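# Residue-level structure breakdown
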Amino acid sequence: MIGIVMGSDSDLPVMQGCVDFLQKMDIPYEITVASAHRSPARALEYASSAKGRGLKIIIAAAGMAAHLAGVLAAHTTLPVIGVPVDSSSLNGLDALLSTVQMPPGVPVATMGIGKAGAKNGAILAAQILALADDRLAARLVAFKEEMAREVEEKAQRLVGSA
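Thresholds, definitions, all that
- Residues numbered from 1 in each chain as written.
- Predicted model: local features only at pLDDT ≥ 70, side-chain atom pairs only at ≥ 80, totals over all residues.
- Heavy atoms only, no water.
- Pairing = 2+ DSSP bridges.
- Helix = DSSP H or I, 4+ residues; strand = E, 2+ residues; numbered from the N terminus.
- Contact = heavy atoms within 4.5 Å.
- Axes fitted to C-alpha atoms, helices over the stretch in contact; angles between N-to-C directions.
- Polar contact = N/O pair within 3.5 Å; in protein donor to acceptor, adjacent residues only side chain to side chain.
- Phe/Tyr/Trp six-rings, centres within 6.5 Å; stacked < 30°, edge-to-face > 60°.
- Lys NZ or Arg CZ within 6 Å of the ring centre and 35° of its normal.
- Core = buried A, V, L, I, M, F, W, Y, C linked by side-chain atoms within 4.5 Å.
- Buried < 20%, exposed > 50% of the residue type's maximum accessible area, 1.4 Å probe, protein only.

A few words on the sheet that holds strand 5 (residues 109-110). An order of 2-1-3-4-5 is seen for the five strands of this open sheet, with the pairing classed as parallel. The sheet is open, and its two borders are formed by strand 2 (29-33) and strand 5, each paired with just one other strand. Sheet topology note: the strand 1 (residues 2-6)/strand 3 (residues 57-63) ladder contains five bridges and is parallel. Bridge pairing in strand 3 places Ile-4 opposite Ile-59. Lying on the sheet, helix 1 (residues 12-24) is in contact with strand 1, strand 2, strand 3 and strand 4 (80-85); it crosses strand 1 at an angle near 170 degrees. Packing against the sheet, helix 5 (residues 115-130) makes contact with strand 1, strand 3, strand 4 and strand 5, and its axis sits at approximately 165 degrees to strand 3.

Turning to the side chain of Ser-98, a few remarks are in order. Following the sequence through the fold, Ser-98 ends up in helix 4 (residues 93-100). One polar contact links the side chain of Ser-98 to the main-chain carbonyl oxygen of Ala-65, over a distance of 2.5 Å. Ignoring any residue separated from it by four or fewer positions in sequence, one finds Ser-98 in contact with Met-64, Ala-65, Ala-66 and His-67.

The next point concerns the packing of aromatic side chains. Across all of its chains, the model carries one aromatic pair by this definition. Ring geometry for Phe-21 versus Phe-143: centroids 4.9 Å apart, planes at 70 degrees, classification edge-to-face. Linking Phe-21 in helix 1 with Phe-143 in helix 6 (residues 134-161), this pair joins segments that are 122 residues apart in sequence. Seen from the ring of Tyr-46, Arg-53 lies directly overhead, with NZ or CZ sitting 4.5 Å from the centre.

Before going further, it helps to examine the nonpolar core. Formed by 28 residues in total, the largest nonpolar core has its most connected members in Ile-2, Ile-4, Met-15, Cys-18, Phe-21, Ile-27 and Ile-59. Elements represented by at least two residues in this core include exactly strand 1, helix 1, strand 3, strand 4, helix 5 and helix 6. Top contributing element to this core by residue count: helix 5, with seven residues. Beyond its immediate sequence surroundings of up to four residues, Met-15 is in contact with Ile-4, Met-6, Ile-59, Ala-61, Val-83 and Ala-118. Core analysis: the second largest hydrophobic core is formed by 21 residues, Tyr-46, Leu-55, Ala-69 and Val-108 among them.

Given below as structure tokens:
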């Protein structure tokens, strides 16, 4: 259901939280590497064939010039979620700006830079899919409740130690 595309296999450690969350939510995914600059034909083919392969959403991660999400969005009508990767001397700011500054008509939902953005990309994808899947929606509610419980437990431990 979800396609994860990375500009380089070196982006996998950043995207691991995305993969882990999709697995936790039992959402099928595929993962590959395609570069907007080094393999533009592969990126075009991936995006243009995604819907026919049953994908519903694409999550694209890239660093530096980070045109991958935009290139994919230009060649599909599926929602594209961009994850800027902090792989340059600019700590991902270049990737953020390249991903978020899309021209009208080619939207990319851009997450934050790095690992938090990768996990949020998976969560946003799950929330989109949950609009038509009540079981997934229930798993997301349980996830949010689990986060709230963890915060309460941490707060109680701090209060108890003061």
